[in-house]
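# Examination of the molecular architecture
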Amino acid sequence: MKNTKAIALIAMSAVALSACSSTSPAPVASTPAPGTSAPTTTVPKFDPNKKVSIKYSFWGDTDTKALHVAVVDAFMKEYPNVTVEPVYIPAEYLTKIQTTFTGGTQPDLINFTANDLISFAAAGVLEPQTKWIKGEWDKENFGDNFERLMKAMEYNGEIWALPRNSAGRTIFYNKRIFDEAGVKYPDSTWTWDTLIEQGKKLTNNSTDPNKKVYAIGFQGEISDISASYIWQAGGDYFSQDGKKFIFNSPESRKALQYLHDLIYVHQIAPNPSVYTNGTPQSLFMNEKIAMHFDAGSFIATMQKAKFEWNLALFPMGPKNRLGALSPTSLAIPKASKNKEAAWELAKFINGPKGQEILISTGFSAPVRKSILNDEKKYLPGDKFKVDRKVALESYTDHSGVKPTNPVWTQTDTIIKKYLGLYYLDKNGKIDESLKLIENEVNAIMPK
């Protein structure tokens, strides 16, 4: 098929999946307003009376799978002539999705992070959704989506998907460990320096593994935590026009050295090798870490916690306290034979009914403003004992979308490779790591 080489390149570099403008974490201009004139070409219409079968792919743990299946079941109840086959891929998602493209068996509706979406769109294997979005745009269906999430779906003058979900990144903290250490709970006054100062009080460097406690743990994805701190220091990945890779900067150097120092100089965060015996999330759940930095989706997991906990914003960095967003998108392959039915399912998932199912467990924040602001629908107080204000503020005011550049998937793999080695090495040199990253990414940047 066309563009097989391009897709193969994407998949080879995408060894793992990571759950504003295209190159900046700052909020972006609004999407087209309701009432935008429809394209002059005829928009294919969905026929609810026609019997069709489509496939819908997604990743996640078993709880996440149950939510997707619930959304699919609700859709089929409303559209009984459409049969949707869930395609659950719990591991190596991108690699396996690439295999379906090269084999011509790709699902009709595919979940991608927005970052990977643009790489596949640039490869020419996805169907632009602009014609449907502009042809059916109205307040009830689309105008309620967050502008920067819609903007993250754009590339080369087209909109390639509807957003499915997203979530801000926050600190999850264990109240018991704070209380026993005599440390006040983290709040908006915390800075990078406060994190070090108070983190030393929270850390127990006992040689007894049963007593050892770290102040801070990070989500396993290097790119997410690094992006947050690089932005907080004032750095970025690409120039505003997306044509230049600017990762090797004093700001990035400051941020990444800070993270390295938390591990080896201040000794308040675990060496990544510790995670071979458990994920950062499991260490926090087992009370081996006082604070865990993660996406808002971790709220769902924390409902099972046996200790008191809450949320706090990221400590203030030199420039801001941004956390990285990786919104998930709903893409339709160009080769799908049932694009109209796939589009109807995408609308349903993005719409109020689908969103209310996805947020019911705290798995994610909604992509629609009205649902996010409805206290009875998103994190209702009678169901979730959590600081809802912090959850909303981290998502709406202190977050940025990771780069949506055509070469992001390959770039992310290169960054993970060298930063992974850097964080594992006590004597790692950030200047050397940044130079290696810069050389490899510049080699794949469009000339």
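As the structure is a prediction and not an experimental result, all values here were calculated from the model.

## Focus: the environment of Pro 318
Within the secondary structure, Pro 318 is located in the loop between β10 (309–312) and β11 (323–325). Sequence separation between Pro 318 and Trp 192 is 126 residues, and the spatial gap between their C-alpha atoms is 8.0 Å. Dropping the residues within four chain positions of it, Pro 318 is found in contact with Trp 192, Gln 232, Ala 233 and Lys 254.

## Re the side chain of His 398
Its place among the elements puts His 398 in the loop between α16 (388–396) and β13 (399–401). When residues no more than four places from it in sequence are discounted, the contact partners of His 398 are Leu 313, Arg 321, Leu 322, Gly 323 and Glu 393.

## Regarding the sheet that holds strand β7 (residues 169–174)
Strands sit in the order β8-β9-β7-β10 across an open sheet of four strands; the sheet is mixed. At either end of the open sheet lies a strand with only one pairing partner, and these are β8 (214–218) and β10. Sheet twist, expressed as the average angle between the axes of neighbouring strands with direction ignored, equals 25°. Where β7 and strand β9 (residues 289–295) come together, five bridges link them in antiparallel fashion. Opposite Ile 171, over in β9, you have Phe 293 as the bridge partner. Sheet strands in contact with helix α8 (residues 192–202) are β8 and β9, and its direction is about 130° off that of β9.

## Considerations on the packing of aromatic side chains
Under the counting rule described, the total for this entry stands at 28 aromatic pairs. Plain terms: the ring middles of Phe 75 and Phe 348 are 5.5 Å apart, the flat faces sit at 70° to each other, and that makes the pair edge-to-face. Of the two residues, Phe 75 sits in helix α2 (residues 62–78) while Phe 348 sits in helix α13 (residues 339–350), which places them 273 residues apart along the sequence. We classify Phe 75 as buried; its relative accessible area is 0%. Among the residues examined, Phe 348 registers a relative accessible area of 8% and is labelled buried. Taken together, a centroid distance of 5.3 Å and an interplanar angle of 80° make the contact between Tyr 237 and Trp 408 edge-to-face. Placement of Tyr 237 in the loop between α9 (222–232) and α10 (250–264) and of Trp 408 in helix α17 (residues 408–424) is noted, with a sequence separation of 171 residues between them.

## Things to note about the packing of α17 against helix α18 (residues 430–444)
Direction vectors running N to C along α17 and α18 enclose 160°, while the axes themselves pass 10 Å from each other. Our classification of the angle between α17 and α18 gives roughly antiparallel. Crossing of α17 against α18: the hand is right-handed. When α17 is examined against α18, the residues Gln 410, Thr 411, Ile 414, Ile 415, Lys 417, Tyr 418, Leu 419 and Tyr 422 are found in contact with a partner set consisting of Ile 430, Ser 433, Leu 436, Ile 437, Glu 440, Val 441 and Ile 444. For the contact of α17 with α18, the class distribution of residues is 10 nonpolar, three polar and two charged.

## Here we look at the confidence of the model for the protein chain
Across the protein chain, pLDDT averages 88, with 88% of residues at or above 70. The low-confidence segment residues 11–40, where pLDDT is below 50, has 80 contacts with residues more than four positions distant or belonging to other chains.

## Notes on the pattern of salt bridges
Applying the stated criterion across every chain, the model contains 16 salt bridges. Put simply, Arg 253 and Asp 431 hold a salt bridge, and the shortest N to O gap is 2.5 Å. In this pair, Arg 253 is assigned in helix α10 and Asp 431 in helix α18, connecting sequence segments 178 residues apart. As a salt-bridge pair, Lys 389 and Glu 393 come within 3.3 Å of each other at their nearest N and O atoms. Here Lys 389 and its partner Glu 393 are both found in helix α16, four residues apart, which amounts to about one turn of the helix. Within this structure, Glu 136, Glu 344 and Lys 347 form a network of salt bridges that share partners.

## Description of the environment of Ile 349
If you trace the backbone, Ile 349 turns up in helix α13. When the C-alpha positions of Ile 349 and Leu 162 are compared, they lie 9.1 Å apart, and in sequence the two are 187 residues distant. Not counting the four nearest positions on each side in its chain, Ile 349 is found in contact with Tyr 56, Val 71, Leu 109, Arg 164, Leu 330, Gly 354, Gln 355 and Leu 358.

## Remarks on the nonpolar core
Ranked by internal contacts, the top residues of the largest apolar core, which has 83 residues, are Tyr 56, Val 82, Leu 109, Phe 112, Leu 117, Leu 126 and Trp 309. At seven residues, α13 tops the list of elements feeding residues into this core. If near-sequence neighbours (up to four positions away) are discounted, Leu 117 is found in contact with Phe 112, Leu 126, Met 153, Trp 160, Ala 161, Ser 329 and Ala 331. Membership of the second largest hydrophobic core comes to 53 residues, among which are Leu 195, Ala 227, Ala 255 and Ala 269.

## Some thoughts on the side chain of Arg 321
Mapped onto the fold, Arg 321 is located in the loop between β10 and β11. Buried within the structure, Arg 321 lacks any salt-bridge partner; its nearest side chain of opposite charge belongs to Glu 393, at an N-O separation of 6.1 Å. At a separation of 3.0 Å, a polar atom in the side chain of Arg 321 contacts the main-chain carbonyl oxygen of Ser 188. Each residue touching Arg 321, except ones within four places of it in the same chain, is listed here: Ser 188, Trp 190, Gln 232, Leu 313, Phe 314, Pro 315, Met 316 and His 398.

What counts and what doesn't
- Residues numbered from 1 in each chain as written.
- Predicted model: local features only at pLDDT ≥ 70, side-chain atom pairs only at ≥ 80, totals over all residues.
- Heavy atoms only, no water.
- Helix = DSSP H or I, 4+ residues; strand = E, 2+ residues; numbered from the N terminus.
- Contact = heavy atoms within 4.5 Å.
- Pairing = 2+ DSSP bridges.
- Axes fitted to C-alpha atoms, helices over the stretch in contact; angles between N-to-C directions.
- Phe/Tyr/Trp six-rings, centres within 6.5 Å; stacked < 30°, edge-to-face > 60°.
- Buried < 20%, exposed > 50% of the residue type's maximum accessible area, 1.4 Å probe, protein only.
- Parallel < 35°, antiparallel > 145°, perpendicular 65-115°, else oblique.
- Left-handed = near helix turned anticlockwise from the far one by under 90°.
- Nonpolar A, V, L, I, M, F, W, Y, C, P; charged D, E, K, R; others polar.
- pLDDT = per-residue confidence, 0-100.
- Salt bridge = Lys/Arg side-chain N within 4 Å of Asp/Glu carboxyl O.
- Core = buried A, V, L, I, M, F, W, Y, C linked by side-chain atoms within 4.5 Å.
- Lys, Arg positive; Asp, Glu negative; His and termini not counted.
- Polar contact = N/O pair within 3.5 Å; in protein donor to acceptor, adjacent residues only side chain to side chain.

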